[in-house]
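Secondary and tertiary structure notes
Next come the chains, spelled out residue by residue.
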Amino acid sequence: MCGIFAYLNYNVSRDRRYILEILFNGLRRLEYRGYDSAGISIDSCFGDPSGNDPNSLPPRPLVFRQEGNIESLVKSVDKEVASTELNLDESFYVHAGIAHTRWATHGEPSPKNSHPQTSGAKNEFLVVHNGIITNYEVFKETLVRHGFSFESETDTEVIPKLAKYVFDRANEEGDQTVTFSQVVLEVMRHLEGAYALIFKSRHYPNELIACKRGSPLVLGVKELSEGTSTGASFLDLKFLSENGHPKEFFLSSDASALVEHTKRVLVIEDGELVHLKEGSVSVLKYDSDKGKHGTALSRPLSVQRALSILEMEVEQINKGKYEHYMQKEIHEQSESLTTTMRGRLIRGGSCKAKTVLLGGLKDHLKTIRRSRRIVFIGCGTSYNAALAARPILEELSGVPVTMEIASDLVDRQGP
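Residues numbered from 1 in each chain as written. Predicted model: local features only at pLDDT ≥ 70, side-chain atom pairs only at ≥ 80, totals over all residues. Heavy atoms only, no water.

1. Thoughts on helix H12 (residues 381-397)
So the rule is basically this: Comment: elements are numbered from the N terminus, with helices defined as DSSP H or I runs of at least four residues and strands as E runs of at least two. Multiply 1.5 Å by the residue count of a helix minus one, and that product is the helix's expected span. Note on bend: the value at a residue is the angle between axes fitted to the seven residues ending there and to the seven starting there.
Counted at 1.5 Å a residue, the expected span for H12 with its 17 residues is 24 Å, and the 24 Å between its end C-alpha atoms agrees. A bend of about 40° at Ala-389 is the largest found in H12, and the proline Pro-391 appears one to four places after it. Gly-398 sits one or two positions beyond H12 and adopts a positive phi of about 75°.

This is how it looks when you write it as structure tokens:
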């Protein structure tokens, strides 16, 4: 399990020091998801310094990666900033930064195995990834045959290199208008496994793309103008995209990293791609069948989505009086259980008239009653919780219950 985070400011001045602090704080909120290595990527400066070449790429993005926890990364960045005399006071009216904290799955904790992973020395495409790509070895062999070299031991490195391959091939075929979203959708079409991804590219400056399949990912939107929308438009993603107001966008594996910035969020669904560009949010749907039988990249399908309000306070995600988060979770178990069951345990007029209402299952009770078996799917703690509940459910329902590890089930073609 890893944590990914991104920050994009639009039409509002933010200096590099502020951007770095936003990214570092986002990673601190997500450090429970992984803490053996971390990394970030930010822009170095704007465009062609001479201004003479309109077709030149923006300067190569800066990438900082470090073994150890978040504070190790912070110290490493501070040291590198001091040695390179990077101007932390340089301001950007539009800037896209990405960040990652890692729990190693492929390759030992080290800078080369940390994220962001890159398409090559020029950092044309950068990716932060939470999850596992199960078919990465096949694409690694293919990309090596096409001249790509690999530096890390991760499954993630194939993703930015595949993006570069798709981009280069589209341009070789004369498609000069290939969009960032088309490139990423083509990459998604080839990936198998569970993932949440955030892409950054020199070819598409000041843009970010996020997509997911199986791993959590949330978008947060914060308007900064005095005339912030109210009423129905408050949660209207299309209106927010078109109003031109200064905004800040946040992407995170967990809403706990967003609540201190905004409560207006979009929970990204499986198969969706979110494109942040010029202050707008486009939600596109991945179609696995498109593009399979042709060489040209397909045009994506647009989806209309609305924001929702995050019901969470900053105090809930702070350690408070406790020494660490595990201690906090232990002491809050009774409150968490009460909150979980609130509205689900119904008491009638008589003390003996008690019922249990499970809204998520209510509409499927007939199907469940006809089932010949029940399958519990989980990983880690959730798997152990299901294991503990299995004998109770079998005794009450009379239906056999089997257990599956989620990572094993996701790609297995079982009956």
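2. Brief notes about the sheet that holds strand E11 (residues 264-267)
As a reminder of what qualifies: Strands are labelled as partners when DSSP assigns at least two bridges between them. Note on contacts: a residue pair qualifies if any of its non-hydrogen atoms lie within 4.5 Å across the two residues. Orientation is described by lines fitted to C-alpha atoms, with helices fitted over the stretch in contact, and by angles between N-to-C directions that extend from 0 to 180 degrees.
Read across the open sheet, the eight strands follow the order E3-E2-E4-E1-E10-E9-E11-E15; overall the sheet is antiparallel. If you trace the sheet from one side to the other, it starts and ends with strand E3 (62-67) and strand E15 (308-309), each paired once. Judged from the six bridges that link them, strand E1 (residues 3-15) and strand E10 (residues 247-252) form a sheet pairing that is antiparallel. Looking at E10, one finds that Leu-8 is bridged to Phe-249. Here helix H1 (residues 16-30) sits on the sheet in contact with E1, strand E2 (37-42), strand E4 (91-102) and E10, set at roughly 155° to E1. Each of E2, E3 and E4 touches helix H2 (residues 70-84); the most contacted strand, E3, lies at about 135° to it.

3. A look at a nonpolar patch on the surface
Which entries qualify depends on this criterion: Only residues whose relative accessible area exceeds 30% and that form no salt bridge enter a patch; like-charged residues are grouped when within 9 Å of one another, and nonpolar side chains (Val, Leu, Ile, Met, Phe, Trp, Tyr) when within 5 Å. Surface accessibility in these figures is a Shrake-Rupley result with a 1.4 Å probe; residues are shielded only by whichever protein chains are displayed. Between Lys or Arg on one side and Asp or Glu on the other, a salt bridge is scored when a side-chain nitrogen of the former is within 4 Å of a carboxyl oxygen of the latter.
On the surface, a cluster of nonpolar side chains totalling about 500 Å² of accessible area is made up of Leu-345, Val-356, Leu-358, Leu-361, Leu-365 and Ile-368. Position of Leu-361 relative to the elements: it lies in helix H10 (residues 359-362).

4. Structural notes on the side chain of His-261
Along the chain, His-261 falls in the loop between E10 and E11. With near-sequence residues (within four places) excluded, His-261 lies in contact with Ile-22, Lys-222 and Phe-250.

5. Some points on H1
Rules: Burial classes: relative accessible area under 20% of the type maximum marks a residue as buried, over 50% as exposed, and values in between as partly exposed (1.4 Å probe, protein chains only). In protein, a polar contact requires one atom able to donate a hydrogen and another able to accept it; more generally it is a pair of N or O atoms within 3.5 Å, and residues adjacent in sequence count only if both atoms are side-chain atoms.
Helix length check: H1 (15 residues) gives 21 Å between terminal C-alpha atoms against 21 Å at 1.5 Å per residue, within 8%. Turning to H1, its buried residues are Arg-16, Ile-19, Leu-20, Ile-22, Leu-23, Phe-24, Gly-26, Leu-27, Arg-29 and Leu-30. The backbone nitrogen of Arg-17 lies 3.2 Å from a side-chain oxygen of the residue at the head of H1, namely Asp-15.

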